Every structure is written in structure tokens, then in C-alpha cells.
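Chain by chain, the residues:
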Amino acid sequence: MTTANQRVRRRVRPSVIATGPAMARTAGACYVTGGVIGLVSHWAARYDWGGTDRSGTTWVLGLSVAALLAGIALALAGGRLPQWSFYAISHVSASVLTVEVWLLRGRPETIAIASMFVIVVMYTSFFFEWAAAALATAHVLGAIVVAKLWWDAIPWVGVVALIGLSVLVAGITVALIRAAADADVDGLTGLPNRRGFDRLLQTALTDAERGSGQLSVAILDLDGFTATNDQQGRAEGDKRLQTFARDWVAQAGEDAVMARHGADEFAIVWPGATSGRLSAQLDAFRAAHPEFSAGVAVWQTGDTPSLLASRAEIALYEAKSSGGGRTFSSNDAGGESWMLLSSALTNNEFKVAYQPIVNGATGLVTGAEALLRWNRPGKGPVSPAEFIPIAESSGFISKLDHWVLETACREAAAWPRAVPAKVTVNVSGRELHQPDYYQQVVDVLIRTGLPAQRLVLEVTESTMEADSPVALDALRRLRADGVRIAIDDFGTGYSSLSRLHHLPADILKIDRSFVSTIQPQDNGAPLIAAITGLAHALGLTTVAEGVEQQYQADVLRHHGCDENQGWLHGRPDDPELIHAALAQQALSQPSVSFEQRAPAR
Ligand code: C2E
Ligand code: CA
Ligand code: CA
């Protein structure tokens with residue numbers, strides 16, 4: 001049975017040492033050497049032997065020239081080939097050498113050609129796992145035996161020397177390379193150690209500079225690790241480190257390589273990932289391991305490994321000093337924004353404004369969207385367009401959105417029950433990807449007493465773009481409990497109709513940019529007609545955003561748009577106003593009530 005340690009160790013070796021460029025350059029050098037040996041031995045044989053039978057040598061001459069050219073090509077451009085192709089090249093080389101030995105059988109240069117078998121053995125032992133290297137060595141030994149017993153191509157002294165050398169070279173190379181790789185591995189967790197991490201980072205950085213694109217790095221620190229060690233003993237501390245490492249490897253897969261960076265510090269190198277993706281992966285990892293802080297930094301042109309790592313360290317420091325248990329990104333001065341927004345929340349500087357949503361045909365209020373407002377003392381109101389992106393990049397958005405959800409649900413629970421009005425709350429992508437998001441919403445509904453049927457959650461298409469199973473699963477479960485899901489700002493992002501069909505949604509919010517194209521005396525509005533038609537065909541109801549003019553409302557009604565939201569019907573305003581409007585409506589309307597079903601725990 002292989003342990004997690006062994007699994008990690010086996011993976012580490014190729015990624016630390018056997019990088020594409022290193023394999024390509026070495027293969028190139030071997031091929032060039034082989035080509036030169038082939039050519040030189042061709043002329044050298046004339047001196048030794050001087051025979052006139054040249055049969056087969058023209059072929060070998062041609063193959064030597066081909067090897068020379070292939071070697072140059074591999075060294076220059078082979079770095080992008082996948083690793084397995086170098087293994088295939090090794091076997092092809094052994095087979096070509098066998099053919100050459102057969103062509104030259106009995107001639108003195110045969111031994112020169114056959115000596116190159118040892119190069120194949122060395123190459124595979126250096127770059128590949130022992131099983132793969134053993135197979136290549138067996139291929140070579142088999143070829144030598146066949147060449148002797150079937151074709152009598154090599155003298156017995158040659159056979160003895162070749163077999164002896166092949167076995168010796170394979171054994172020594174594997175032993176040395178294992179020792180070198182072990183020096184890069186942490187004994188406790190089986191992850192690369194700091195030295196291994198530095199090597200990985202250097203390779204990843206070189207690749208990124210060559211144009212492979214993104215590269216993100218994180219430094220993680222276990223919260224309260226000293227306490228674990230002091231109170232529960234070192235063995236318990238070691239176990240915590242091992243479980244942490246093993247679970248990450250199991251959850252994050254092969255690309256996001258974790259290393260042990262210090263006593264209770266880990267580091268992650270993820271070539272090809274944005275800092276957002278790495279942060280999301282770390283957030284998802286918190287479901288099993290909530291007690292760690294992380295700082296994430298993304299590679300920028302000109303970064304050295306130490307510059308990149310130190311940016312992640314600073315972000316980690318900020319994450320720790322803001323209380324721990326969270327991830328900060330370095331590209332947003334995360335810590336500062338977090339502190340600012342956090343103190344604004346504690347000082348009651350935020351409040352929720354409600355903008356009415358009305359029925360397109362009757363004009364009656366059917367609900368309201370909760371929109372966050374921040375009034376900075378001494379500085380006045382700050383636009384959400386300004387502070388929401390900051391909250392998102394610092395990670396504070398989760399706290400903020402949770403507060404809006406709780407406030408909006410509590411206030412909406414107090415609205416007159418006679419009117420079936422829904423409260424609509426915006427959800428950020430980051431929040432949605434938290435593994436316990438479903439439970440958080442259910443808890444808020446239970447705490448505030450708002451029936452699930454009266455809550456609508458607004459998510460943008462791009463939020464769901466990643467097709468994160470965690471996010472989609474949370475939305476599906478919430479829908480099953482009666483919560484409605486609206487797709488916000490429809491039409492501003494990348495809209496795929498086939499995807500739309502599969503999203504767990506009930507409502508489509510047509511973006512303001514479409515509504516603003518409606519002109520006075522405009523009866524066509526083909527875009528509006530198409531979107532409402534499409535939404536209805538998919539079983540979604542429509543809400544038009546940014547309705548400012550009566551003629552826009554008329555055209556929307558004409559095309560069967562279900563609901564409208566915009567300045568024409570009311571600006572976002574204090575909670576008392578929407579409460580009063582609903583109370584007014586309750587008086588003039590027969591009583592209709594929601595099914596008062598609380599979600600199951
Ligand atoms: P959104 O979700 O598309 O919200 C609608 C925005 O359009 C609001 O801007 C609203 O004031 C504005 N609006 C409404 N009717 C009209 C109109 O007739 N004409 C025009 N020109 N604008 C209209 P606001 O409140 O500034 O919010 C901006 C964005 O900030 C929101 O866009 C939403 O993406 C985000 N946001 C607001 N509150 C929250 C929140 O609690 N959580 C999250 N995650 N995001 C929020
Ligand atoms: Ca919205
Ligand atoms: Ca919107």
C-alpha cells in the first residue's frame with residue numbers, strides 16, 4: 001500500500017528535476033553526441049578495418065546525420081513537449097540503435113553504436129520513475145542479448161561490458177537522483193521542503209516569463225499551532241501538519257503544488273492560476289480546515305522569486321493581523337481595506353436601502369432590492385460601485401453580504417404580510433463559493449423568521465461562469481427550499497443560451513443598458529422582445545432594470561416583461577418608505593399571503 005507521503009514524493013521528483021526544458025536540453029545533447037559518435041566511428045572504422053564491404057553503413061551514416069539535426073531541434077524547441085513524449089523518444093532511440101547494430105553486425109563500429117545504449121539507460125534513470133526506467137533498461141538489455149544470440153553482432157567482451165555498464169549506470173543514477181530529490185522533500189509531510197519550493201518557484205517563474213501566462217503563489221500559516229503543540233503535545237501537532245498536507249493534495253490536485261515552507265507555514269505554487277482562483281480554492285479548503293490564514297500574490301512581469309514570495313508574505317501578515325482565519329490577496333492592499341470596511345461595519349456606517357420592484361402590468365409593488373449604502377463620517381456617501389470591488393478583492397465582501405442578507409431578511413420579515421412582497425439580495429461570487437453558504441442562508445432565514453419564498457438571491461452570470469459545483473449545488477438546494485434565484489445584469493457578460501438553460505434560476509434581470517436603448521415612439525425594441533421571449537421560453541420571469549421613463553415601461557409591458565425596477569417607480573430609499581408603500585397597498589388590496597414555510601435544517 002502506498003502512503004500519502006510516497007504518493008507525494010513520487011510526484012515531486014519529476015516536477016522538481018524533470019522540467020520540460022531540462023529534459024529537452026538533455027535529450028538534445030544526447031542526440032547530438034550520438035550523431036557525432038556515429039559519424040566519427042564511421043571514418044575511424046576504416047583505419048581499424050579497412051574492409052571494402054560497406055553494406056549497411058550508408059544507412060547508419062544517414063541516421064547519424066538525422067540524430068544530429070534532431071538533437072539540435074530538441075534542444076532549441078523541445079521544451080514545450082509533454083513529459084511522456086521524452087519517454088517515448090527514449091524507447092524509439094533504443095529501437096533505432098538496435099536496427100543500426102543489426103545493419104552493422106560484425107563490423108567494428110557496432111560496438112561504438114551499441115555503447116550508446118548506455119546513454120538511453122542513463123537518461124531514463126535520471127528523469128523517470130524507477131519502474132519506467134527499469135522498463136527502458138530491460139529494453140536495452142534485451143536488445144543487447146538479441147544482438148549477440150541471434151545476429152552475433154557484438155563480440156562477447158562487448159556484451160559483458162555493455163550489460164555491466166548499463167546496470168551500474170542505472171543503479172547509480174537512480175540512487176543519486178533519489179538522494180538529490182529527498183533533499184528537497186520534507187520528511188514529516190512528504191511535501192517539497194523550502195529548498196524544493198524555491199526550486200519549483202524558480203522553474204514556474206521561468207515558464208511564466210517564457211509566456212505560459214499566469215502564476216499565483218500563496219503562503220499559509222496555521223492559526224494557533226503553537227497552542228496545539230503546547231497543549232496537546234508535539235505528536236498531535238505533527239498529525240495536524242500531516243493531515244493538512246494530505247487533505248490539500250487530495251483536494252487541490254496536482255497543479256497547485258503545496259510545500260512545507262517553515263514550522264507551521266506552507267506555500268503553494270500554482271502555474272496557470274489567477275489569484276482569484278487560488279483564493280477560491282483556499283476558501284473551499286476552509287470547509288475541512290478553517291484554522292489557517294493565507295496571503296496570495298500573483299506573478300507580475302519582472303518579479304523575482306523572492307519578490308513574489310514576499311508579497312504573499314505581506315498579505316499573510318495582514319490576514320493574520322486582521323484576526324486570522326482568512327485569505328488576503330496582495331494586489332489590493334487587502335489588509336488596509338479590510339480594516340477600513342470592518343471598522344465601518346462596527347461603527348454602523350452601513351445601511352440598506354430598498355428600491356421597489358413593480359408589476360409591469362398593474363404597477364403594484366411586488367418586492368424590493370436591498371442595496372447597500374455607506375455613509376462615511378466627514379466624507380459623505382460612497383458609491384457601491386466604488387467600495388464593492390474593494391470589499392470583493394479584500395475578501396470582506398463575505399462579511400458585508402452576510403450583514404446585508406441578515407438585515408434585509410429581518411426588515412422584510414416585518415413588512416405587512418398581506419402583500420406577497422419579496423426582498424432581493426445581491427450575492428457576490430466569493431460568498432457563493434463558500435462551502436457552507438447554503439447553511440448560512442438557511443440559518444439567517446430561521447433567525448429572522450422570513451419565509452424562504454420571500455427571499456430572492458441575485459447572482460451575476462459571471463459569478464456562475466466558473467461552473468463551480470459548490471456554488472451551483474448551494475443554489476439548487478436553496479431553490480429546493482423555496483428561495484428564488486435571479487440572474488443579475490443579464491446581457492452584460494458572456495451569455496451562453498445553452499448554459500442559461502441549465503442554471504438554477506427563476507428570474508432574469510434585464511440590464512439597464514438594454515432598457516436605455518428604448519426610444520420614445522419605439523414600438524420595435526427587438527432586443528427586449530427577444531430577451532423576454534427567450535426568458536419565458538426557459539420558464540424564467542423577467543425584471544427590467546433602470547426603467548426611468550414612462551415610454552420605456554410601456555414598451556416593456558407591450559413585450560410582456562413581468563416586472564420593472566427603476567427611478568420611474570422609485571429610487572433606492574430608507575426601509576420605512578418601502579414599508580409604508582406596502583402597508584398602503586395592503587389597505588387597497590385583497591389579502592394574499594405566502595405559504596409560511598420555514599426551511600428545514
Ligand atoms: P445592481 O445590482 O445592478 O443594482 C442596481 C443599481 O442600479 C443600483 O445602483 C441602483 O441604484 C441603480 N439604479 C436603479 N434604478 C436605476 C435607474 O432607473 N437608473 C439608473 N441610472 N440607475 C438605477 P447602486 O445601488 O449604486 O449599486 C451598484 C451595484 O453595487 C449593484 O448593481 C450591485 O452590483 C452592487 N451592490 C449594491 N449593494 C450590494 C450588496 O449588498 N452586495 C453586493 N454583493 N453587491 C451590491
Ligand atoms: Ca442587483
Ligand atoms: Ca443589476
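Keep in mind that what you see is a predicted model, and the values were worked out from it rather than measured.

Asker: An account of the site of ligand 1 is needed here, citing residue identities and associated values.
Answerer: Taken together, 22 residues lie near ligand 1, and Gln-355, Arg-373, Asp-401, Glu-548 and Trp-567 sit nearest. Measuring from a nitrogen atom of ligand 1, one finds a side-chain N or O atom of Gln-355 at 2.8 Å. In the model, an oxygen atom of ligand 1 is placed 3.2 Å from a nitrogen or oxygen of the Glu-369 side chain. Out of a free accessible area of 800 Å², ligand 1 has 82% covered by protein chains.

Asker: Please set out the coordination of the calcium ion (ligand 2) residue by residue, giving values where relevant.
Answerer: Surrounding the calcium ion (ligand 2) are the protein donor atoms Glu-369 (OE), Asn-426 (OD1), Glu-458 (OE) and Asp-488 (OD), which sit 2.0 to 2.3 Å from the metal. Every donor residue of the calcium ion (ligand 2) comes from the same chain, spaced as E-x56-N-x31-E-x29-D. The distance between the calcium ion (ligand 2) and the calcium ion (ligand 3) comes to 3.9 Å, and Asp-488 binds to both of them. Residue Asn-426 is found in strand S9 (residues 422-426), and its partner Glu-458 is found in strand S10 (residues 455-460); the two are separated by 32 residues along the sequence.

Asker: So what about unusual backbone geometry? Which residues, and what values?
Answerer: Phi angles above zero are rare outside glycine, and Asn-348 is one such case at about 60 degrees. One can find Asn-348 in the loop between helix H14 (334-346) and strand S6 (350-359). One non-glycine residue with positive phi stands out, namely Asp-489, at about 50 degrees. Judged by relative accessible area, Asp-489 falls into the partly exposed class, the value being 25%.

Asker: A description of the sheet that holds strand S1 (residues 215-222) should follow, citing residues and the corresponding values.
Answerer: Across the sheet, which stays open at both edges, the five strands sit in the order S2-S3-S1-S4-S5 with mixed pairing between neighbours. Each end of this open sheet is capped by a strand with a single partner; those strands are strand S2 (257-260) and strand S5 (327-329). Across this sheet, the average inter-strand angle for adjacent strands is 20 degrees, counted without regard to direction. As paired strands, S1 and strand S3 (residues 265-271) are joined by seven bridges and run antiparallel to one another. Paired with Ser-216 across the two strands is Trp-270, which belongs to S3. Contacting S1, S3, strand S4 (292-298) and S5, helix H12 (residues 275-285) runs over the sheet at an angle of about 165 degrees to S4.

Asker: Describe the coordination of the calcium ion (ligand 3), listing the residues and the values that go with them.
Answerer: Protein coordination of the calcium ion (ligand 3) is provided by Asp-488 (OD), Asp-489 (OD), Glu-545 (OE) and Glu-545 (OE), with donor distances spanning 2.1 to 2.6 Å. Considered as a linear motif, the donors of the calcium ion (ligand 3) on their single chain read D-D-x55-E. Taking the relative accessible area as the measure of exposure, Asp-488 reaches 8% and is therefore buried. Since its relative accessible area comes to 11%, Glu-545 is described here as buried.

Asker: Residue-level account of the pattern of salt bridges, with values.
Answerer: Overall, the coordinates contain 16 salt bridges when judged by the stated rule. One salt bridge connects Arg-195 with Asp-184, and the closest N-O pair in it is separated by 2.8 Å. On the criterion of sequence distance, the pair formed by Arg-195 in helix H9 (residues 194-212) and Asp-184 in the loop between helix H8 (156-182) and H9 is long-range, its members being eleven residues apart. Look at Arg-195 and you get partly exposed, because its relative accessible area is 45%. We note a salt bridge from Lys-351 to Asp-574, for which the minimum N-O separation is 2.9 Å. With Lys-351 in strand S6 and Asp-574 in the loop between strand S14 (563-565) and helix H25 (575-587), this residue pair connects regions lying 223 residues apart in the sequence. Accessibility expressed as a relative area gives 43% for Lys-351, which makes it partly exposed.

Asker: Help me get a handle on the UniProt feature "transmembrane region" (unreviewed entry) in the chain, residues and values and all.
Answerer: In the numbering used here, UniProt assigns the "transmembrane region" (unreviewed entry) feature to residues 22-45, 57-78, 84-104, 111-133 and 153-177. Counted over residues 22-45, helix gives 100% and strand 0%. Its end C-alpha atoms are 34 Å apart. As a span, residues 57-78 carries 95% helix and 0% strand, and end to end its C-alpha atoms are 29 Å apart.

Asker: Would you mind going over the nonpolar core in detail, with residue names and values included?
Answerer: Counting residues in each nonpolar core, the largest one holds 55 residues, and the members touching the most others are Phe-350, Tyr-354, Trp-415, Leu-455 and Leu-457. No other element matches helix H16 (residues 397-413), which puts eight residues into this core. Structurally, this core is a two-domain feature, drawing no fewer than three residues from each of domain 2 (194-331) and domain 3 (395-587). Non-local contacts of Phe-350, meaning those with residues more than four positions away in its chain, are made with Leu-341, Ala-344, Leu-345, Leu-372, Arg-373, Trp-374, Phe-387, Leu-400 and Trp-403.

Asker: Explain helix H6 (residues 117-127) residue by residue, including any values.
Answerer: Burial analysis of H6 places eight of its eleven residues in the buried class, the great majority of the element. Buried within H6 we find Phe-117, Val-118, Val-120, Val-121, Tyr-123, Thr-124, Ser-125 and Phe-127.

Asker: I'd like a description of a nonpolar patch on the surface, backed by residues and values.
Answerer: There is a patch of nonpolar side chains on the surface, built from Val-65, Leu-69, Ile-72 and Leu-76 and spanning about 410 Å² of accessible area. Its relative accessible area of 45% is what places Ile-72 among the partly exposed residues.

Asker: I'd love a proper account of the packing of aromatic side chains, names of residues and values included.
Answerer: Taken as a whole and assessed by the stated rule, the structure comprises 13 aromatic pairs. Between Phe-244 and Phe-266 the ring centres are 5.0 Å apart and the planes differ by 35 degrees, which places this aromatic pair in the tilted class. With a gap of 22 residues between them, Phe-244 in helix H11 (residues 234-252) and Phe-266 in strand S3 connect regions that are remote in the sequence. Residue Phe-244 is classed as buried on the basis of its relative accessible area, which comes to 2%. Relative to Phe-387, the ring of Phe-350 lies with its centre 5.7 Å away and its plane at 55 degrees, an arrangement referred to as tilted.

Calculation notes
Residues numbered from 1 in each chain as written. Chains lettered and ligands numbered in written order. Predicted model: local features only at pLDDT ≥ 70, side-chain atom pairs only at ≥ 80, totals over all residues. Heavy atoms only, no water. Near = heavy atom within 4 Å. Polar contact = N/O pair within 3.5 Å; in protein donor to acceptor, adjacent residues only side chain to side chain. Areas by Shrake-Rupley, 256 points an atom, 1.4 Å probe, with all protein chains shown as cover. Donors = N, O, S within 2.8 Å, 3.2 Å for Na, K, Ca; no water. Helix = DSSP H or I, 4+ residues; strand = E, 2+ residues; numbered from the N terminus. Buried < 20%, exposed > 50% of the residue type's maximum accessible area, 1.4 Å probe, protein only. Pairing = 2+ DSSP bridges. Axes fitted to C-alpha atoms, helices over the stretch in contact; angles between N-to-C directions. Contact = heavy atoms within 4.5 Å. Salt bridge = Lys/Arg side-chain N within 4 Å of Asp/Glu carboxyl O. UniProt positions renumbered as here; feature names shortened; annotations may be inferred. Core = buried A, V, L, I, M, F, W, Y, C linked by side-chain atoms within 4.5 Å. Domains from an automatic or database assignment. Patch = residues over 30% accessible without salt bridge, like charges linked within 9 Å, V, L, I, M, F, W, Y side chains within 5 Å. Phe/Tyr/Trp six-rings, centres within 6.5 Å; stacked < 30°, edge-to-face > 60°.

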